[in-house]
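This is what each chain is made of:
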Amino acid sequence: MKQPVRVAVTGAAGQIGYALLFRIASGEMLGKDQPVILQMLELPIDKAQAALQGVMMELEDCAFPLLAGMVGTDDPLVAFKDVDIAMLVGAKPRGPGMERKDLLLENAKIFTEQGKALNKVASRDVKVLVVGNPANTNAYIAMKSAPDLPAGNFTAMLRLDHNRALSQLASKAGVPVGEIEKLVVWGNHSPTMYPDYRFATVGGESLRHKIGDEDWNRDAFIPRVGKRGAEIIEARGSSSAASAANAAIDHVRDWVLGSGGKWVTMGVPSDGSYGIPEGIIYGVPVTTSDGAYERIRDLEIDAFSRERMDKTLAELEEERAGVAHLL
Ligand SMILES: NC(=O)c1ccc[n+]([C@@H]2O[C@H](COP(=O)([O-])OP(=O)(O)OC[C@H]3O[C@@H](n4cnc5c(N)ncnc54)[C@H](O)[C@@H]3O)[C@@H](O)[C@H]2O)c1
Ligand SMILES: O=C(O)C[C@H](O)C(=O)O
């Protein structure tokens with residue numbers, strides 16, 4: 001039996017938490033032979049703590065063979081103690097008519113506190129995924145608040161956007177979604193993100209040529225993926241949860257177990273490539289293996305793409321300036 005991996009999940013009694021924890025405990029994220037210890041954080045209010053107790057009872061009632069232990073707490077220093085993976089989900093979601101950046105100042109405090117706690121007590125090579133919105137800037141805040149941890153291990157979730165884009169492309173081109181390779185979603189998890197199918201292939205054939213409809217790309221595909229979160233909120237009355245949890249599992253699974261050569265999108269601190277200033281957490285294409293991600297380099301950036309990539313960058317720079325006083 002392998003040593004258990006410690007996984008922290010914040011906002012564990014929320015919508016995404018409820019769709020996430022059971023799948024982690026069943027081995028869908030880290031493998032069917034990998035025991036896990038779940039360390040769950042919720043707000044220090046009675047209702048949230050009671051709901052967390054309920055979730056823990058249900059986890060117990062599943063009798064998951066891989067669930068080697070559980071901690072439920074309202075203290076980040078307890079939740080993050082020695083964790084190998086931290087999934088920072090707990091934050092306020094937006095409602096109808098709001099943009100994700102409207103949550104910036106309200107949620108920023110959470111990520112300074114949690115970054116500091118990770119810095120103090122987490123495993124020195126903890127892998128951090130930020131899901132709570134605005135995810136890129138929250139990941140930036142957590143990273144800056146944890147100076148003793150490797151900055152490159154702070155990531156933001158762009159995988160839901162990547163998966164959304166894959167499904168839109170598959171249905172437009174009439175191809176199986178699992179056969180699409182080399183898709184990219186650049187930038188911020190916000191409507192300015194740039195889903196870029198210029199390099200995408202199916203069975204080695206260019207998807208862009210197969211679709212052959214640039215108007216669709218500009219007027220339907222790009223805005224649809226960018227506004228999909230709002231479309232879900234409008235339809236469901238609350239923000240995406242099962243698809244968000246699924247994307248979080250995809251992100252961490254690929255990071256830990258490898259993407260098998262497939263390009264996936266991760267929001268990672270920029271190394272300065274593609275004209276993105278160093279440190280900005282920006283969605284880029286990567287492959288993953290042996291617990292590490294590697295950027296896809298030297299892709300050609302045409303004028304249309306440059307404009308899109310700069311627009312989403314400008315928004316991230318504006319968000320960064322908006323939280324500078326907290327860091
Ligand atoms: N990046 C993405 O693709 C993506 C996708 C979907 C949702 N989200 C975001 O994820 C976040 C959570 O969404 P949800 O639907 O689960 O919301 P939710 O309101 O159902 O659950 C959030 C939970 O977090 C808890 N919480 C709040 N502050 C906390 C703190 N400081 N420490 C610990 N727990 C805390 C709340 O008590 C609540 O139980 C939101 O910010 C949402 O916008 C991001
Ligand atoms: O759109 C939201 O506010 C929730 C989430 O970020 C999403 O993309 O579904």
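None of the values given here were measured: they were computed from a predicted structure.

Draft legend 1. Quick look at the confidence of the model for the chain. Here the chain averages 97 in pLDDT, and 100% of its residues register 70 or above. Confidence estimates for the predicted assembly give a pTM of 0.98 and an ipTM of 0.99.

Draft legend 2. Focus on the site of ligand 2. The local shell around ligand 2 consists of Arg94, Arg100, Asn133, Leu160, Arg164, His189, Gly229, Ile233, Ser239 and Ser240. The side chain of arginine 94 places a nitrogen or oxygen atom 2.5 Å from an oxygen atom of ligand 2. Here an oxygen atom of ligand 2 and a side-chain polar atom of asparagine 133 are 2.8 Å apart. Computed on the free molecule, ligand 2 has an accessible area of 260 Å², of which 94% lies beneath the protein chains in the complex.

Draft legend 3. A look at the site of ligand 1. Inspection of the region around ligand 1 gives 25 residues, with Gln15, Ile16, Glu42, Val131 and Asn133 positioned closest. The backbone of glutamine 15 places a nitrogen or oxygen atom 2.9 Å from an oxygen atom of ligand 1. Asparagine 133 places a side-chain nitrogen or oxygen 2.7 Å from an oxygen atom of ligand 1. Mapped by element, the contributors of at least two residues to the shell around ligand 1 are helix 1 (15–25) and helix 4 (104–121). Split into classes, the residues belonging to the shell around ligand 1 amount to 13 nonpolar, 10 polar and two charged.

Draft legend 4. Region of the structure containing the pattern of salt bridges. Per the stated rule, a full pass over the model turns up 21 salt bridges. For glutamate 106, the salt bridge goes to lysine 92, with nearest N and O atoms at 3.5 Å. Taken together, the residues glutamate 106 in helix 4 and lysine 92 in the loop between strand 4 (85–88) and helix 4 connect sequence positions 14 residues apart. We note a salt bridge from aspartate 213 to lysine 172, for which the minimum N-O separation is 3.6 Å. Remark: lysine 172 occurs in helix 6 (residues 159–173) and aspartate 213 occurs in the loop between helix 7 (207–211) and helix 8 (214–226); sequence separation between them is 41 residues. Lysine 172 sits in the partly exposed class, given a relative accessible area of 36%. Several salt bridges share partner residues, and in doing so they unite Arg159, Asp250, Arg253 and Asp254 into one network.

Draft legend 5. Focus on the sheet that holds strand 11 (residues 205–206). Taking strand neighbours across the sheet as the criterion, the three strands line up as 7-10-11 in an open arrangement whose pairing is antiparallel. At either margin of the open sheet sits one strand with a lone partner, and together these are strand 7 (180–181) and strand 11. Two elements, strand 7 and strand 10 (residues 201–202), share two bridges in a ladder whose sense is antiparallel. Across the sheet, the residue bridging to isoleucine 180 is valine 202, located in strand 10.

Draft legend 6. Region of interest: the UniProt feature "active site" (unreviewed entry) in the chain. Under the feature "active site" (unreviewed entry), the UniProt entry names His189. Positionally, histidine 189 belongs in the loop between strand 8 (184–186) and strand 9 (194–196). The buried category is assigned to histidine 189, whose relative accessible area is 9%.

Draft legend 7. Molecular detail of the pairing of strand 3 (residues 67–73). When strand 2 (residues 36–41) meets strand 3, the two strands line up parallel, connected through six bridges. Counterpart to valine 36 in the pairing with strand 3 is leucine 67. Tracing the backbone out of strand 2, into helix 2 (residues 46–61) and back to the parallel element strand 3 gives a crossover that is right-handed.

Draft legend 8. Molecular detail of helix 6. For helix 6, built from 15 residues, the straight-helix expectation of 21 Å at 1.5 Å per residue is met to within 8% by its first-to-last C-alpha distance of 21 Å. Counted residue by residue, helix 6 has 12 buried out of 15 residues, so it is predominantly covered. Among the residues of helix 6, those classed as buried are Arg159, Leu160, Asp161, His162, Asn163, Arg164, Ala165, Leu166, Gln168, Leu169, Ala170 and Ala173. Following helix 6 by one or two positions, glycine 174 has its phi on the positive side, about 65°.

About the criteria used
Residues numbered from 1 in each chain as written. Chains lettered and ligands numbered in written order. Predicted model: local features only at pLDDT ≥ 70, side-chain atom pairs only at ≥ 80, totals over all residues. Heavy atoms only, no water. pLDDT = per-residue confidence, 0-100. Near = heavy atom within 4 Å. Polar contact = N/O pair within 3.5 Å; in protein donor to acceptor, adjacent residues only side chain to side chain. Areas by Shrake-Rupley, 256 points an atom, 1.4 Å probe, with all protein chains shown as cover. Helix = DSSP H or I, 4+ residues; strand = E, 2+ residues; numbered from the N terminus. Nonpolar A, V, L, I, M, F, W, Y, C, P; charged D, E, K, R; others polar. Salt bridge = Lys/Arg side-chain N within 4 Å of Asp/Glu carboxyl O. Buried < 20%, exposed > 50% of the residue type's maximum accessible area, 1.4 Å probe, protein only. Pairing = 2+ DSSP bridges. UniProt positions renumbered as here; feature names shortened; annotations may be inferred. Right-handed = clockwise from strand over helix to strand, strands pointing away. Expected span 1.5 Å × (residues − 1).

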